[in-house]
Amino acid sequence: MNQLLFIVARLAACLADGKLLPGGILKVDNFLNHQMDPMLLLAMAKEWKRLFDGEDVNKILTIEASGIAMAILAGLEFRCPVVFAKKSKTKNISDNLYQTEVPSFTHGNTNTVVVSKAYLGSEDRVLLIDDFLATGAALIGLKDLVEQAGATLVGAGAAIEKRFQGGGDALRAQGVRVESLARIVEMNDAGIKFG
């Protein structure tokens, strides 16, 4: 079974155990963002490497916290550093920052996310990685940080895209290459429909 088939089969099996919560929330903490399936995360990293091979990616950018584990494995595959946008400025970060506002669909709030200018610059070719692509707010925020740095955005990889929420289409309309490994076109009490 090739890498992509393994990923889709594993995600489908895991999503069957996932829970649909009110408000369009898909709870996947049993394999993706609380308890993690390392073999699945590694397979996803290998698939993003295959998809973006030849793009000279030299930096992976994600947002805390759920994207960090899969971004690290992608960084291993691309043999490059991983930077994560922090959702708050801590005392150990200088004021020399890129920052943007990112609304959170899941948490129902807006975060000011920051990246130190020391870790993202005009010489970078950046691949964005995240667990979910729903409204696209997180990836759009990360795209803004890349643009502030004058870096080149190579594309974005998402583990799961909820196509019916339009974020992927919005990013694609902005010229961003988006590679989602599982695409959900419908989600309701009857179950999850992929497409």
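Residues numbered from 1 in each chain as written. Predicted model: local features only at pLDDT ≥ 70, side-chain atom pairs only at ≥ 80, totals over all residues. Heavy atoms only, no water.

(A) Region of interest: the environment of Thr 152. Position of Thr 152 relative to the elements: it lies in strand E8 (residues 152-162). For Thr 152, a relative accessible area of 33% translates into the label partly exposed. Setting aside its immediate chain neighbours within four residues, Thr 152 contacts Asp 124, Arg 125, Val 126 and Val 146. (Helix = DSSP H or I, 4+ residues; strand = E, 2+ residues; numbered from the N terminus. Buried < 20%, exposed > 50% of the residue type's maximum accessible area, 1.4 Å probe, protein only. Contact = heavy atoms within 4.5 Å.)

(B) Spotlight on the pattern of salt bridges. Within this structure, the stated rule accounts for 12 salt bridges. A salt bridge links Arg 163 to Glu 161; the nearest nitrogen and oxygen atoms lie 3.4 Å apart. On the basis of relative accessibility, which here comes to 31%, the residue Arg 163 falls in the partly exposed class. Several salt bridges converge on common partners, so that one network encompasses Glu 55, Arg 125, Arg 177 and Glu 179. (Salt bridge = Lys/Arg side-chain N within 4 Å of Asp/Glu carboxyl O.)

(C) Representation of the packing of aromatic side chains within the structure. Under the defined criterion, the tally for this structure stands at 0 aromatic pairs. Directly above the ring of Phe 132 sits Lys 162, whose terminal nitrogen or CZ lies 5.6 Å from the centroid. If you follow Arg 177 out to its NZ or CZ, it ends over the ring of Phe 52, 4.2 Å from the centre. (Phe/Tyr/Trp six-rings, centres within 6.5 Å; stacked < 30°, edge-to-face > 60°. Lys NZ or Arg CZ within 6 Å of the ring centre and 35° of its normal.)

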